[in-house]
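Chain and residue survey
Now for the letters of each chain:
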Amino acid sequence: MGVYWCGYNLTVFSTALFGFTQRWAHCTSQDSDILVFGAHGPCKCNPVDFKGRILSVNGEDHAPQKYTRKTMQIGVGGINFPYGAVEWINREMIQYDGPITHYAVAYANSNCVESRENMVMKLAEHVTVHAFGACTGHGKATKIRRPGSWVSNVKLFQGYAMVIAAEHGVSPGYVTEKPFVAAASGAIPIYDGDTELLYRFMNPDRIIVWNSRAIQTVKTHMLSSMRRTQAVNNTFLLMKANEIRTRLMQL
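Computed from a predicted structure; not experimentally measured.

Some details on the sheet that holds strand S10 (residues 188-191)
- Taken together, 6 strands build an open sheet; the order of strands is S8-S7-S6-S9-S10-S11 and the sheet is parallel. Across the chains shown, the open sheet's two edge strands, defined by having one partner strand only, are strand S8 (142-143) and strand S11 (208-209).
- Sheet topology places strand S7 (residues 129-131) next to S8; 2 bridges connect them, and they run parallel. The partner of Ala-131 across the bridge, within S8, is Lys-143.

Structure follows, in structure tokens:
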């Protein structure tokens, strides 16, 4: 059996599931092989031609096309395992436990969807919000523009009490890396998305859900020890990931 990854780099995640992995360097495969395919990433070969089992990892809020009858999907339209949890494993994230240096809310987005911008605008009326991306909550957040990506946000957010970790829409099964990145930075995620799914993989007592009481909750917990509790149980996360391995092998 050969285990390969293709598309988006999922080397660590693949190794966590199967014990080893290698780059899919050739366009040949056997029925016993496994391909961990990072959907939307570049791939030399068409997964349609892969003869073995495919684990397709998709971070979008729509289901990708299934490639073969031996394909399993992580993400919307697939098994109940959030894409953000894949990233926690693949990036080998650990929770920063340093002190708070900014009693404020961090916000880093370049896709200025209305619901998220309104959320930031309302928060900025009550607490300090620092905006690092192109979006500023209709100009209400303090703009501190810095180049970077979501990968570098783990360090960018370190020292912040809270981070806005809202999805661009609320879709069942759609949980991206945003709340996991916030938790890894040591901050409290202020989350808007599929909370039911997120609660299965992240400590509910470590999350502030965006609702009619959220602003008061943010103000109350800005100085609290809520952020000291563990957000993600790594042992549990790997156990759930190994359930994926078992189900894939049964295809």
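Regarding the packing of helix H2 (residues 83-90) against helix H8 (residues 234-249)
- Interhelical geometry of H2 versus H8 gives an angle of 115° and a closest axis separation of 11 Å. One finds that H2 runs roughly perpendicular with respect to H8. Our pair here, H2 against H8, has a crossing hand that is left-handed. Judged by residue contacts, Ala-85, Trp-88 and Ile-89 of H2 engage Asn-234, Leu-237, Leu-238 and Ala-241 from H8.
- Residue classes in the contact of H2 with H8 are distributed as 6 nonpolar, 1 polar and no charged.

Observations concerning H2
- Within H2, 8 of the 8 residues are buried, which leaves it mostly tucked inside the rest of the structure.
- Of all the positions in H2, only Tyr-83, Gly-84, Ala-85, Val-86, Glu-87, Trp-88, Ile-89 and Asn-90 are classed as buried.
- Next to the buried residues of H2 lie helix H1 (11-18), strand S4 (53-57), strand S5 (71-74), helix H5 (178-184) and H8.
- Where H2 ends, the next residue or the one after it, Glu-92, has phi of about 50°, a positive value.

Thoughts on unusual backbone geometry
- The phi dihedral of Glu-92 is positive, around 50°, even though this residue is not glycine.
- Residue placement: Glu-92 occurs in the loop between H2 and strand S6 (102-107).
- The exposure class assigned to Glu-92 is exposed, which follows from its relative accessible area of 59%.
- Of note in this structure, His-138 is not a glycine but carries a positive phi near 55°.
- With respect to the helices and strands, His-138 occurs in the loop between S7 and S8.

Overview of the state of the cysteines
- For the coordinates displayed, the defined rule picks out 2 disulfides.
- The disulfide that involves Cys-6 links it to Cys-43, with 1.7 Å between the sulfurs. An S-S torsion of about 115° defines the bridge between Cys-6 and Cys-43 as right-handed. A residue pair is termed long-range when its members are at least 10 positions apart, and Cys-6 in strand S1 (residues 3-7) and Cys-43 in the loop between strand S3 (34-38) and S4 qualify at 37 residues.

Brief notes about the packing of aromatic side chains
- Scanning the entire structure with this criterion turns up 5 aromatic pairs.
- Pairing Phe-37 with Tyr-67 gives two aromatic rings, centres 5.5 Å apart and planes at 90°, and the pair type is edge-to-face. On the criterion of sequence distance, the pair formed by Phe-37 in strand S3 and Tyr-67 in the loop between S4 and S5 is long-range, its members being 30 residues apart.
- An angle of 55° between the planes, with centres 6.2 Å apart, marks the rings of Phe-201 and Phe-236 as tilted. Of this pair, Phe-201 sits in the loop between helix H6 (195-199) and S11 while Phe-236 sits in helix H8, and the two are 35 residues apart along the sequence.
- By relative accessible area, Phe-201 is classed as buried at 3%.
- These aromatic residues form a ring-pair network of at least three members: Phe-81, Phe-201 and Phe-236.

Procedures and definitions
Residues numbered from 1 in each chain as written. Predicted model: local features only at pLDDT ≥ 70, side-chain atom pairs only at ≥ 80, totals over all residues. Heavy atoms only, no water. Pairing = 2+ DSSP bridges. Helix = DSSP H or I, 4+ residues; strand = E, 2+ residues; numbered from the N terminus. Axes fitted to C-alpha atoms, helices over the stretch in contact; angles between N-to-C directions. Parallel < 35°, antiparallel > 145°, perpendicular 65-115°, else oblique. Left-handed = near helix turned anticlockwise from the far one by under 90°. Contact = heavy atoms within 4.5 Å. Nonpolar A, V, L, I, M, F, W, Y, C, P; charged D, E, K, R; others polar. Buried < 20%, exposed > 50% of the residue type's maximum accessible area, 1.4 Å probe, protein only. Disulfide = S-S within 2.5 Å. Phe/Tyr/Trp six-rings, centres within 6.5 Å; stacked < 30°, edge-to-face > 60°.

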